[in-house]
Every structure is written in C-alpha cells, then in structure tokens.
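Residue-level listing of the chains:
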Amino acid sequence: MPILLFDGHCNFCNAWVKLIVDRDASKIIRFATLQSSAGRRLLEENNIALDYTDSLVLFEEERCSVSSTAALRIYSYLDGWERHLQVLTVVPRPLRDAVYRFFAKYRYKWFGRREQCMIPTPELRERFLPD
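Cut-offs used in this document
Residues numbered from 1 in each chain as written. Predicted model: local features only at pLDDT ≥ 70, side-chain atom pairs only at ≥ 80, totals over all residues. Heavy atoms only, no water. Helix = DSSP H or I, 4+ residues; strand = E, 2+ residues; numbered from the N terminus. Buried < 20%, exposed > 50% of the residue type's maximum accessible area, 1.4 Å probe, protein only. 1 Å grid on protein atoms, 1.4 Å probe; cavity = no way out; pocket = protein on both sides within 12 Å on 5 of 7 lines; lining within 4 Å. Points joined across faces, edges and corners; volume = space filled by probe spheres on them. Core = buried A, V, L, I, M, F, W, Y, C linked by side-chain atoms within 4.5 Å. Contact = heavy atoms within 4.5 Å. Phe/Tyr/Trp six-rings, centres within 6.5 Å; stacked < 30°, edge-to-face > 60°. Lys NZ or Arg CZ within 6 Å of the ring centre and 35° of its normal. Salt bridge = Lys/Arg side-chain N within 4 Å of Asp/Glu carboxyl O.

Draft legend 1. Summary view of the environment of D22. Among the secondary structure elements, D22 is positioned in helix α1 (residues 11-23). Relative accessible area serves as the criterion here: at 62%, D22 is assigned to the exposed category. For the pair D22 and L43, spaced 21 residues apart in sequence, the C-alpha to C-alpha distance is 26 Å.

Draft legend 2. Layout of the layout of surface pockets. For the largest pocket, the calculated volume is near 490 Å³. Looking at the largest pocket, it is lined by 21 residues, and the ones nearest its centre are F12, S68, A71, Y100 and F103. Elements with a minimum of two residues in the lining of the largest pocket: α1, α3 (67-75) and α4 (93-111). The dominant element in the lining of the largest pocket, judged by the number of residues it contributes, is α4, at 7 residues.

Draft legend 3. Quick peek at the nonpolar core. L4, W16, I20, I29, F31, L56 and I74 are the most contacted members of the largest nonpolar core, which has 23 residues in total. In this structure, I74 is in contact with L4, W16, I20, I29 and L58, ignoring residues within four places of it in sequence.

Draft legend 4. Just the packing of aromatic side chains, in detail. For the coordinates displayed, the defined rule picks out 10 aromatic pairs. Plain terms: the ring middles of F12 and F103 are 4.9 Å apart, the flat faces sit at 65° to each other, and that makes the pair edge-to-face. Here F103 lies in helix α4 and F12 lies in helix α1, a separation of 91 residues in the sequence. Judged by relative accessible area, F12 falls into the partly exposed class, the value being 29%. Centre to centre, the rings of F31 and F128 are 5.6 Å apart; their planes meet at 35°, and the pair counts as tilted. Within this pair, whereas F31 is found in strand β2 (residues 30-33), its partner F128 is found in the segment after α5 (122-125), the two being separated by 97 residues in sequence. On the basis of relative accessible area, F128 is assigned to the buried category, the value being 10%. When the ring centre of Y108 is taken as reference, the NZ or CZ atom of R107 above it lies at 4.6 Å.

Draft legend 5. Representation of the pattern of salt bridges in the model. All chains considered together, the criterion is met by 7 salt bridges. Close ionic contact of E82 with R23 constitutes a salt bridge, the shortest N to O distance being 3.0 Å. One end of the pair, E82, is in the loop between α3 and α4; the other, R23, is in helix α1, with 59 residues separating them in the sequence. In this structure, K27 and E126 form a salt bridge, with 3.9 Å as the shortest nitrogen-oxygen distance. Of this pair, K27 sits in the loop between α1 and β2 while E126 sits in the segment after α5; the two residues are 99 residues apart in sequence, bridging distant segments of the chain.

Here it is, written out as structure tokens:
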C-alpha cells in the first residue's frame, strides 16, 4: 500500500492531497504529513533527514521516491485524466527535479502557508496513518 508524506503546512500540498483523494477511487494511497510522528518515523526508518520538508516522499513496498519522481509515481494510482501525466517520467530526472525544487522554493509565497498541519476531516482520517 503506497504511503505519501507531504508538507502539512503547505496550502498547495494540502490541495494536492485532496485532489489525490478525489481521484483515487480504490482508496489505496495512505497519507501522513512530514511533520507528524508517523511521517517522522518513516523518514527515520528510511534514513531520510527529519527536517526534509521540501519534497514529497512516496513509499511503495520496496521503493522510496522523492521530489518529481514521487509526484509522477502518484499519478499511476489515480483514475482521472491525470493518470496520463506519469508519462513525464521520460524527462530526465535532473531536469524534473530542478523544476520541482524551483516550485518547492516558492510554494509558500505563491499559495500560502498554514501555521498548523492539515487536520483531516472524519472521512479523510481513515486514509491517514495514525500518529
């Protein structure tokens, strides 16, 4: 079962999680914020710095993806037209990650930042890892 860690303070990231929930009809993807106990535990278990908040982290069985690769891998689980965006993995990773880092650098400026992490609604709570 794939687990997506995301920045719970980022308004764009929170909106993206809501889009994923809407397009993942099989409800296979689970979530945790990078700042949560569950998220920090997964980072630590996988030797990823605990202050790593500028990227998505996707865990899939034996695979861990970050940055653009994590974002594009998520599309393979979705039911909408977005599923076809995974074809962008043909773009060389250094180029994809450079664009990703640029976007990540300005995401708070463009979309805003929450002072506290997203609190899932009761219907979303079942998709989030317990702390």
